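A structural walkthrough
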Amino acid sequence: MPSGARELGPALKLLDLVRPDGIVAELSSTDRNGVIRELVQVLADTGQLDESQVDAVSRTIITRERSRGTTGFGKGVAAPHAKVEGLSRMMAAIGRSSRGVDFASLDGEPVFAVFLIISPDAEPERHLRAMDLVFRHLQQERFRRFLRQTDKAEAIYELLREADERQFAP
């Protein structure tokens, strides 16, 4: 490895980011900021994030949405994300809305699936790798369709597992 290069570790998988209890099969929130808060709260409720961090992390992501542009990139999906100071590890939550949420998406259409990612601010390369992984999957029509149609957290987790297996199939 060249001098100054950093080892990024093994290839990332969706299941490295999302735990089964980090999936909300039907979001109760009906607006972008509410969805972000709901998914950050899920991370706290499942013990992945300290409860004292929920407001600050939610504000960080919402501010990022306002200042740097929407993460609703169209086709019914959004991937709000942020690098957070003091975080010990990368984590994610997935939420699905059968009604759709106005996320100020680039195509003007509602969002039905939200993949929220937060990473330690000290790991920008790993954050970019995670975002690339998520975007690659969310660009696939089949993946988006199954994610939107699936109404059980267990089935969404299974979709992620199958996507990981296809990604690493020989």
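Counting of residues starts from 1 at the beginning of each chain's written sequence and follows it residue by residue. Side-chain atom pairs in this predicted model are given and counted only at pLDDT of 80 or more, local residue features only at pLDDT of at least 70, and totals for whole chains, interfaces and linings cover all residues. The side-chain numbers reported here are obtained from all heavy atoms of the structure, hydrogens and water having been left aside.

Focus: the overall build of the protein
- Comment: elements are numbered from the N terminus, with helices defined as DSSP H or I runs of at least four residues and strands as E runs of at least two. Per the secondary structure count, the protein includes 6 helices and 5 strands.
- The linear arrangement of helices and strands in the protein, starting from the amino end, is α-β-α-α-β-β-β-β-α-α-α.
- Restricting the calculation to C-alpha atoms gives the radius of gyration, and the globule rule supplies 2.2 Å times the number of residues raised to the power 0.38. By the compact-globule yardstick of 15 Å for 170 residues, the protein fits well, its C-alpha radius of gyration being 15 Å.
- The dimensions of the protein, computed from C-alpha atoms along their principal axes, are 50 × 40 × 30 Å.
- Looking at the protein as a whole, 49% of its 170 residues are labelled buried. Relative accessibility under 20% of the residue-type maximum defines a buried residue, over 50% an exposed one, and the middle range a partly exposed one, all with a 1.4 Å probe and only protein chains included.

Comments concerning the packing of helix α5 (residues 141-149) against helix α6 (residues 153-167)
- Lines fitted to the C-alpha atoms define the axes, with helices restricted to the stretch that makes contact. Angles between their N-to-C directions range from 0 to 180 degrees. The contact between α5 and α6 brings their axes to 10 Å, and the two run at 165°. Here α5 lies roughly antiparallel to α6, going by the angle between them. When you trace α5 past α6, the crossing you get is right-handed. Contacts from Arg 142, Phe 143, Phe 146 and Leu 147 in α5 reach Ile 156, Leu 159, Leu 160, Ala 163 and Arg 166 in α6.
- Across the contact of α5 with α6, the residue classes break down as 7 nonpolar, no polar and 2 charged. Put simply, angles under 35 degrees are roughly parallel, angles over 145 are roughly antiparallel, angles from 65 to 115 are roughly perpendicular, and the rest are oblique. Each crossing gets its handedness from the near helix: less than a right angle anticlockwise from the far helix is left-handed, clockwise is right-handed. Contact criterion: two residues are considered in contact whenever any of their non-hydrogen atoms come within 4.5 Å of each other. Gly counts as polar in this scheme, as do all residues outside two lists: the nonpolar Ala, Val, Leu, Ile, Met, Phe, Trp, Tyr, Cys and Pro, and the charged Asp, Glu, Lys and Arg.

Observations concerning the packing of aromatic side chains
- Whether two aromatic rings pair depends on their centres lying within 6.5 Å, for rings of Phe, Tyr and Trp, where Trp uses its six-membered ring; planes under 30 degrees apart make the pair stacked, over 60 edge-to-face, and the rest tilted. Under the defined criterion, the tally for this structure stands at 1 aromatic pair.
- Considering the side-chain rings of Phe 73 and Phe 135, the 4.8 Å spacing of their centres and the 70° angle between planes classify their relative orientation as edge-to-face. Here Phe 73, found in the loop between α3 (54-68) and β2 (77-78), pairs with Phe 135, found in helix α4 (residues 124-138); they are 62 residues apart in sequence, far enough to count as distant.
- Residue class for Phe 135 comes out partly exposed when judged on its relative accessible area of 27%.
- The ring of Phe 146 carries Arg 145 above its face, with NZ or CZ at 5.4 Å from the centroid. Here, over-ring charges are defined by two tests on the NZ atom of lysine or the CZ atom of arginine: distance to the ring centre within 6 Å, and angle to the ring normal within 35 degrees.

Focus: a negative patch on the surface
- Nonpolar side chains (Val, Leu, Ile, Met, Phe, Trp, Tyr) within 5 Å and like charges within 9 Å form the patches, drawn only from residues with over 30% relative accessible area and no salt bridge. A 1.4 Å probe and the Shrake-Rupley method give the accessible areas. Residues count as covered only by the protein chains that appear here. Salt bridges are counted wherever a side-chain nitrogen of Lys or Arg sits within 4 Å of a carboxyl oxygen of Asp or Glu. Counted as positive: Lys and Arg. Counted as negative: Asp and Glu. His and the chain ends are not counted at all. For this purpose, a charge sits on NZ of Lys, CZ of Arg, CG of Asp or CD of Glu. Taken together, the side chains of Asp 45, Asp 50, Glu 51 and Asp 55 make up a negatively charged region of the molecular surface.
- Assessed through its relative accessible area of 54%, Asp 55 is described here as exposed.

Overview of the packing of helix α2 (residues 32-45) against α3
- At a minimum axis separation of 9 Å, α2 and α3 run at an interaxial angle of 145°. Classified by chirality, the crossing of α3 by α2 is right-handed. Contacts between α2 and α3 involve Arg 32, Asn 33, Ile 36, Arg 37, Val 40, Gln 41 and Ala 44 from the former and Val 54, Val 57, Ser 58, Ile 61, Ile 62, Glu 65 and Arg 66 from the latter.
- Considered class by class, the residues forming the contact of α2 with α3 number 7 nonpolar, 3 polar and 4 charged.

So, the pattern of salt bridges
- As enumerated under the stated definition, the model contains 11 salt bridges in all.
- Arg 161 is the partner of Glu 165 in a salt bridge, and the nearest nitrogen-oxygen pair spans 2.1 Å. You can see Glu 165 and its partner Arg 161 sitting in helix α6, 4 residues apart, about one turn around the helix.
- We classify Arg 161 as partly exposed; its relative accessible area is 29%.

Function cannot be inferred from these measures alone, as they are strictly geometric.
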